[in-house]
Amino acid sequence: WEPNEQAPDCRRCGKWFNLIVRRHHCRRCGLVVCDKCSNRVMLLPFSHIVVDPTVPLEQHYLVSLQPQRVCDGCFEELSRPPPPNTIHGSRAESIHSTMSHPSSLMMRRSPSAQSIMMECPVCGKNLDAYGGTNEQELHVQTCLNANTPAAALSGIRYVVYKLPSNSALMGQECVICLEEFVEGNTMARLNCFCTFHHGCIHSWFAKGKECPIHS
């Protein structure tokens, strides 16, 4: 994770940062880049995400649930198929097919990555106190459904809250407007655990659309 003060210019195009040209971090290589050189978002594997060092370790999994901003260099690297002479047989065909469609690769999460959620993302309570996996999932679903507004025309429900300063989402980006989340933002967390600015997702649902990530 490259510190902002060490990057006076974009590490991809060399453009100098100012009040108009803002700094962004590629969540795969950690370099500081401009918006033009990092206007793509992808769901990265948990182990491939470079996380802001100010985010607590126990919140890294929640960060991985969100699509990540990636620079052009990383996007091209992820989209490039492996050399055919390095891997043989059906394994090579499988990997080539996956790398030809990077979005499908990034959507996959291993069971081990999914199993490390220790706290309810809504109320913050320790899930161990609720017994087995089924009971934990029931608690989270109950929290998500409790007193949450129905999304217009979509049937999707979401939790609305103010983003605290210690949230794992600080510095992450809304995939609708591509603006970073900052303390005090009014947020909306859907029942699929995707999180957006409340105003962004409200306008999105007003058009009768589903979750921007899972639609």
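In this report, we go over the structure that sits alongside the text. In this text, all values refer to a predicted model and were calculated from it rather than measured experimentally.

Some words on the overall build of the protein chain
So, point 1. Helices and strands together make up the secondary structure of the protein chain, namely 7 helices and 7 strands.
So, point 2. Secondary structure elements in the protein chain, listed N-terminal to C-terminal, are β-β-β-α-β-α-α-α-α-α-β-β-β-α.
So, point 3. Residues counted as buried form 39% of the 215 residues belonging to the protein chain.
So, point 4. A sequence separation of at least 24 residues applies to 48% of the contacts in the protein chain between residues at least 6 apart.
So, point 5. If you sum the accessible surface of the protein chain, you get close to 12000 Å²; carbon and sulfur atoms cover 54% of it.

Re the sheet that holds strand β5 (residues 158-162)
So, point 1. Taken in spatial order, the 3 strands make up an open sheet running β5-β6-β7, and their pairing is antiparallel. Bordering the open sheet on either side are β5 and β7 (195-197), each of which pairs with just one other strand. Between one strand axis and the next, the sheet turns through 30° on average, direction left out of account.
So, point 2. When strand β6 (residues 186-190) meets β7, the two strands line up antiparallel, connected through 3 bridges.

Considerations on the packing of aromatic side chains
So, point 1. Counting across every chain of the model gives 0 aromatic pairs.
So, point 2. Lying over the aromatic face of F75, R40 brings its terminal NZ or CZ to 4.2 Å of the ring centre.

Notes on the environment of C177
So, point 1. One can find C177 in the loop between β5 and β6.
So, point 2. C177 gets classed as partly exposed once you look at its relative accessible area, which sits at 31%.
So, point 3. With near-sequence residues (within four places) excluded, C177 lies in contact with H197 and C200.

Some details on the environment of N185
So, point 1. Here N185 lies in the loop between β5 and β6.
So, point 2. It is 8.4 Å that separates the C-alpha atoms of N185 and P164, two residues lying 21 residues apart in sequence.
So, point 3. What N185 contacts, discounting residues up to four positions off in sequence, is Y161, K162, L163, E180 and H197.

A closer look at the pairing of β6
Looking along a regular strand, one sees the side chains alternate between the two faces of the sheet.
So, point 1. Across the 5 residues of β6, 4 count as buried, placing the element largely inside the fold.
So, point 2. Of the strand pairs in this sheet, β5 and β6 are connected by 5 bridges, and their pairing is antiparallel. Note that in β6 the partner of Y161 across the bridge is M187.
So, point 3. Counting the residues in the hairpin turn of β6 and β7 gives 4 residues, including F193, whose phi is positive at 75°.

Details of the side chain of Q172
So, point 1. Inspection of the secondary structure puts Q172 in the loop between β5 and β6.
So, point 2. Classification of Q172 by relative accessible area gives buried; the value is 6%.
So, point 3. Not counting chain neighbours up to four residues away, the residues in contact with Q172 comprise R27, V63, Q66, Q68, E179, E180 and F181.

A short note on helix α7 (residues 198-206)
So, point 1. Turning to α7, its buried residues are C200, I201 and F205. Each buried residue of α7 lies within a common arc of 125° when the element is viewed along its axis, so the set occupies one face.
So, point 2. In the core, the buried residues of α7 are packed alongside β5, β6 and β7.

Observations concerning the pattern of salt bridges
So, point 1. Summed over all chains, the structure comprises 7 salt bridges.
So, point 2. A salt bridge links R40 to D72; the shortest N-O distance between them is 3.2 Å. Pair noted here: R40 is in strand β3 (residues 40-42) and D72 is in helix α2 (residues 72-79), with a separation of 32 residues, a long-range link.
So, point 3. The partly exposed category is assigned to D72, whose relative accessible area is 23%.

Scoring rules and cut-offs
Residues numbered from 1 in each chain as written. Predicted model: local features only at pLDDT ≥ 70, side-chain atom pairs only at ≥ 80, totals over all residues. Heavy atoms only, no water. Helix = DSSP H or I, 4+ residues; strand = E, 2+ residues; numbered from the N terminus. Buried < 20%, exposed > 50% of the residue type's maximum accessible area, 1.4 Å probe, protein only. Contact = heavy atoms within 4.5 Å. Areas by Shrake-Rupley, 256 points an atom, 1.4 Å probe, with all protein chains shown as cover. Pairing = 2+ DSSP bridges. Axes fitted to C-alpha atoms, helices over the stretch in contact; angles between N-to-C directions. Phe/Tyr/Trp six-rings, centres within 6.5 Å; stacked < 30°, edge-to-face > 60°. Lys NZ or Arg CZ within 6 Å of the ring centre and 35° of its normal. Arc of directions from axis to C-beta. Salt bridge = Lys/Arg side-chain N within 4 Å of Asp/Glu carboxyl O.

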